[in-house]
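Architecture and fold: a report
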Amino acid sequence: MERISRQDLYALVWAEPMIKVATRFGISGVALAKACRKLDIPVPHRGYWAKAQNGKRVTQLPLPPRKLGGVDTVELGRKRWDRYSISDDDLIAMEIPPPHEFPESLEDLTARVERMVGKVAIPKNLSKPHHWVAKLLEEDEIRKKESSAYFSRALFGSPFEQRRLRLVSGLFVALNRFGMHCSLYGKDPESFDIRVGDQHISFVVDGLGKTQRSGYRAESELRRPASETLQLRIDSYLKGMEAVPHLWQDKPGDLIEKHARAIVIAVILCGEMNIRLSKHWERGHLIQNKERAIEAKRKREEEERRQARERQVQAERARVKRLLGEAS
């Protein structure tokens, strides 16, 4: 396995044909191309090297900046899970890499994302929803047709649910516009997933104090008013993520929809901060594992020395006993 930065890999694939680079790492050309796509590295087009060898003019595409939330290193020549099965001896011999540097401060990063994100509008109705929200509504229409006079199967018919889906739809549309991939799972989702670069961020949007959805609506819930307090929370678990806003809820005269742009900005920031904090956590974890391996080796060697001394004492006692027996 060899961990390589996107800058170094970019230099390699533009220095010689990709099949030669792939052979160096013991992987296929397809795997190398996949790694380049993952790191957002442009590669020479078909026929590039033939033109270059014939003296024709060729153009090298520049390396774009690392995308927000994107990784800047990749492991080549070994399966991903092998990095977790490294032996203690290899871990002890391993040189701990220096701390990963992110020259852009959180303040500068925030300013850049704010410039990138323009106006974020929440639709007034669901006539043209995001395709994931449209799928929920289509399934709800089917459930309505299956309802009886005594039991309703609709999940999103109340004014509250309609407002909730409008908020999700507006956020999804905005995030898609900035290159983020959105998704949801289940017929009655409480959490919504966003992929920012290579990082997965999720947010929960529901009524205040609501903790879990059952996929069923009581009669009273079918009449939930749109004025009921709505809350949105971005799930974040890494220490240090608290620097990014992650909680919004309705207040008198200040509905959550007014903060749609701030929510989109925060989701993107969380994706970028997630990669930064993960790099810090991975290095700290590697240091701890190396210290553990060194301490385990020290104890193991100390135990071996103790056992050797004990065997020597026992051997000496046996020799003395044998000599005494011979003397008697």
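Report follows, based on the coordinates. All values derive from a computational prediction rather than experimental measurement.

**Examining the packing of helix H8 (residues 159-177) against helix H9 (residues 260-327)**
It is at 10 Å that the axes of H8 and H9 come closest, and there the two elements cross at 50°. Between H8 and H9, the angle is such that the two are oblique. You can see that H8 and H9 cross each other, and the crossing is right-handed. Contact residues: H8 offers Leu171, Ala174 and Leu175, while H9 offers Ala260, Ile263, Val264, Val267 and Ile268. For the contact of H8 with H9, the per-class residue count stands at eight nonpolar, no polar and no charged.

**Regarding the side chain of Glu16**
You can see Glu16 is positioned in the loop between helix H1 (6-13) and helix H2 (18-25). Polar side-chain contacts of Glu16 include one of 2.4 Å to the side chain of Arg24. In this structure, Glu16 is in contact with Val21, Arg24 and Trp49, ignoring residues within four places of it in sequence.

**Notes on the side chain of Arg166**
Looking at the element boundaries, Arg166 is found in helix H8. For the buried Arg166, which has no salt bridge, the nearest side chain bearing the opposite charge is Glu257, at an N-O separation of 5.0 Å. Each residue touching Arg166, except ones within four places of it in the same chain, is listed here: Ile122, Pro123, Lys124, Asn125 and Leu126.

**Section: the pattern of salt bridges**
Applying the stated rule across the entire model yields 26 salt bridges. One salt bridge connects Asp235 with Arg233, and the closest N-O pair in it is separated by 3.2 Å. The partly exposed category is assigned to Arg233, whose relative accessible area is 33%. One salt bridge in this structure joins Glu272 and Arg276, with 3.0 Å as the shortest N-O distance. With Glu272 and Arg276 both in helix H9 and four residues apart, the pair spans about one turn of that helix. You can call Glu272 buried: its relative accessible area is 1%. Where salt bridges share partners, they join Glu161, Arg164, Asp188, Asp206, Arg213, Arg217, Arg224 and Glu228 into one cluster.

**Section: the packing of aromatic side chains**
Going through the model one piece at a time under the given rule, you end up with six aromatic pairs. Where Phe172 meets Phe192, the ring centres are 6.1 Å apart and the plane angle is 80°; that geometry is what we call edge-to-face. Of this pair, Phe172 sits in helix H8 while Phe192 sits in strand E4 (residues 191-196), placing them 20 residues apart in sequence. Residues Phe172 and Phe192 agree in their burial class; the two are buried. The lysine or arginine in question, Arg217, covers the ring of Phe156, its NZ or CZ lying 5.9 Å from the ring centre. Lying across the ring of Phe160, Arg224 places its NZ or CZ 3.8 Å from the centre.

Calculation criteria
Residues numbered from 1 in each chain as written. Predicted model: local features only at pLDDT ≥ 70, side-chain atom pairs only at ≥ 80, totals over all residues. Heavy atoms only, no water. Axes fitted to C-alpha atoms, helices over the stretch in contact; angles between N-to-C directions. Helix = DSSP H or I, 4+ residues; strand = E, 2+ residues; numbered from the N terminus. Parallel < 35°, antiparallel > 145°, perpendicular 65-115°, else oblique. Left-handed = near helix turned anticlockwise from the far one by under 90°. Contact = heavy atoms within 4.5 Å. Nonpolar A, V, L, I, M, F, W, Y, C, P; charged D, E, K, R; others polar. Polar contact = N/O pair within 3.5 Å; in protein donor to acceptor, adjacent residues only side chain to side chain. Buried < 20%, exposed > 50% of the residue type's maximum accessible area, 1.4 Å probe, protein only. Lys, Arg positive; Asp, Glu negative; His and termini not counted. Salt bridge = Lys/Arg side-chain N within 4 Å of Asp/Glu carboxyl O. Phe/Tyr/Trp six-rings, centres within 6.5 Å; stacked < 30°, edge-to-face > 60°. Lys NZ or Arg CZ within 6 Å of the ring centre and 35° of its normal.

These figures capture arrangement, not role.
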